[in-house]
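Structural overview for review
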Amino acid sequence: MDNRLFIFDTTLRDGEQVPGCQLNTVEKIQVAKALEALGVDVIEAGFPISSPGDFNSVIEISKAVTWPTICALTRAVQKDIDVAVDALKFAKHKRIHTGIGTSDSHIKYKFNSNREEIIERAVAAVKYARRFVDDVEFYAEDAGRTDNEYLARVVEAVIKAGATVVNIPDTTGYCLPSEYGAKIKYLIDHVDGIDNAILSTHCHNDLGMATANTIAGVLNGARQVEVTINGIGERAGNTALEEIAMIIKSHHEIDIQTNINTQKIYPTSRMVSSLMNMPVQPNKAIVGRNAFAHSSGIHQDGVLKNVQTYEIIDPHDVGIDDNSIVLTARSGRAALKNRLSILGVDLEQEKLDKVYDEFLKLADKKKDINDDDILVLAGADRSQNHR
Ligand code: KIV
Ligand code: ZN
């Protein structure tokens with residue numbers, strides 16, 4: 001099986017649907033260029049029929065970006081596809097992402113339809129989109145809750161109709177990793193013509209399993225993952241790009257490559273957080289403020305002896321330069337000595353002991369001890385050269 005994993009970023013479509021996160025076109029272009037520099041393969045730039053703003057953003061992003069494929073979302077409706085084709089006219093590489101709900105509840109309550117009619121509508125949409133573009137992705141919305149036998153029939157029919165990528169969304173974030181992985185494997189084992197298309201994961205995080213489900217999908221043969229920066233997205237969000245990129249990079253036994261330049265992860269995360277006015281939780285994996293911060297004395301001592309004791313990722317690999325040792329009331333002398341040394345202050349043992357006693361008193365009162373506090377305690381200041 002091919003070992004290239006395609007990264008499909010939907011920050012500007014699924015991510016941007018979050019209330020309060022809307023971006024204007026200029027901001028979306030800024031994010032799209034950052035995603036290009038990060039190395040994503042596909043940028044889902046919007047849902048053109050949904051609003052003039054989305055339509056215009058797809059046009060402008062198509063002009064601004066060179067390498068990644070620009071993707072536009074549609075329902076399985078001809079008018080949606082016509083508008084998407086128009087919005088993609090300047091894209092150097094273009095994809096239409098069309099689809100329909102396939103679970104029994106979607107078929108019954110959303111479409112008041114039946115399984116056979118849904119397959120007909122899916123096939124018609126894919127065939128119609130293929131008249132305009134060579135690259136058509138089909139999504140089986142709520143595939144997570146669609147029974148595997150019927151899902152396999154849908155997937156087989158849309159591949160036969162010309163779909164190049166088939167997306168298996170766990171729209172409600174309900175699947176267990178074992179179940180989602182088995183679903184991908186079932187499709188690989190049971191769909192005729194599966195080699196003519198790439199299977200894609202698209203997982204939501206309602207039960208905190210989006211990343212685990214995505215990895216289960218990849219381990220079972222999916223070769224595209226749909227992700228967002230910082231995991232933003234509807235409700236509890238989508239699978240976080242940074243988590244997938246770093247899992248693939250650090251677990252060599254998975255033997256899969258992405259095109260992500262991981263050192264651009266942190267700056268891109270900061271950019272998206274600030275433009276979307278969406279703070280990143282401090283303990284968020286990979287990009288949270290505390291993701292590489294060692295605060296207990298035992299851990300700090302270990303890390304100062306050898307980082308491998310408590311670090312599985314070098315923070316520089318994701319573009320973080322800061323010192324990862326956070327000084328708190330639980331820090332030991334070694335951490336204080338190390339921080340002072342970075343600041344250019346080398347103290348004799350006796351003086352260090354005194355400064356450490358003062359440091360503990362201050363740390364009991366103050367949550368964040370910063371470099372200036374430490375320099376004051378050591379009787380130094382930033383302007384002096386202590387070495
Ligand atoms: O979660 C979902 O099912 C989606 C589709 C529209 C791809 O976002
Ligand atoms: Zn989604």
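Thresholds, definitions, all that
- Residues numbered from 1 in each chain as written.
- Chains lettered and ligands numbered in written order.
- Predicted model: local features only at pLDDT ≥ 70, side-chain atom pairs only at ≥ 80, totals over all residues.
- Near = placed C-beta within 6 Å.
- Helix = DSSP H or I, 4+ residues; strand = E, 2+ residues; numbered from the N terminus.
- Nonpolar A, V, L, I, M, F, W, Y, C, P; charged D, E, K, R; others polar.
- UniProt positions renumbered as here; feature names shortened; annotations may be inferred.
- Buried ≥ 20, exposed ≤ 12 C-beta atoms within 10 Å, placed from the backbone.
- Contact = placed C-beta atoms within 7 Å.
- Axes fitted to C-alpha atoms, helices over the stretch in contact; angles between N-to-C directions.
- Parallel < 35°, antiparallel > 145°, perpendicular 65-115°, else oblique.
- Left-handed = near helix turned anticlockwise from the far one by under 90°.
- Pairing = 2+ DSSP bridges.

**Topic: the site of ligand 1**
- For ligand 1, the full set of nearby residues is D14, Y139, E141, N167, P169, T171, H202 and H204.
- Those elements that provide at least two residues to the shell around ligand 1 are β5 (136–141) and β6 (165–170).
- Of the residues in the shell around ligand 1, the class split is two nonpolar, four polar and two charged.

**Notes on the UniProt feature "binding site: Mn(2+)" (unreviewed entry) in the protein**
- The positions that UniProt labels "binding site: Mn(2+)" (unreviewed entry) are, in the present scheme, D14, H202, H204 and N238. Spanning 225 residues, the named residues form one tight spatial group whose C-alpha atoms are at most 10.3 Å apart.
- Tracing the backbone shows H202 in strand β7 (residues 198–203).
- Overall, the presence of 30 C-beta atoms within 10 Å leaves H202 in the buried class.
- Ignoring any residue separated from it by four or fewer positions in sequence, one finds H202 in contact with Y139, N167, I168, P169 and E226.
- C-beta crowding within 10 Å serves as the criterion here: with 30 such atoms nearby, N238 is assigned to the buried category.
- The residues touching N238, leaving out its near neighbours within four places in the chain, are T10, D14, G15, H204, N205, A210, V227, T228, G231 and G233.

**Some words on the packing of helix α1 (residues 25–38) against helix α2 (residues 52–64)**
- Put simply, α1 and α2 touch, their axes get as near as 9 Å, and they point 40 degrees apart. Taken together, α1 and α2 sit at an angle that is classed as oblique. The crossing of α1 and α2 is right-handed. Across from T25, K28, I29, A32 and K33 in α1, the residues of α2 making contact are N56, S57, E60, I61 and A64.
- Considering only residue class, the contact of α1 with α2 consists of four nonpolar, three polar and three charged.

**Brief notes about the environment of A240**
- The residue A240 is located in the loop between β8 (224–227) and α9 (241–250) in this model.
- Note on A240: 27 C-beta atoms within 10 Å, which makes it buried.
- With 134 residues separating them along the chain, A240 and I374 place their C-alpha atoms 36 Å apart.

**Regarding the environment of R131**
- Relative to the helices and strands, R131 resides in the loop between α5 (115–130) and β5.
- A count of 10 C-beta atoms within 10 Å places R131 in the exposed class.
- C-alpha of R131 to C-alpha of L327: the two residues are 196 residues apart in sequence and 61 Å apart in space.

**Focus: the sheet that holds strand β2 (residues 42–46)**
- On the basis of which strands lie adjacent, the closed barrel formed by eight strands has the order β1-β2-β3-β4-β5-β6-β7-β8 and parallel pairing. Across the sheet, the axes of successive neighbouring strands diverge by a mean angle of 25 degrees, strand direction being ignored.
- As paired strands, strand β4 (residues 94–101) and β5 are joined by six bridges and run parallel to one another. Residue pairing across strands places T98 opposite F138, the latter belonging to β5.

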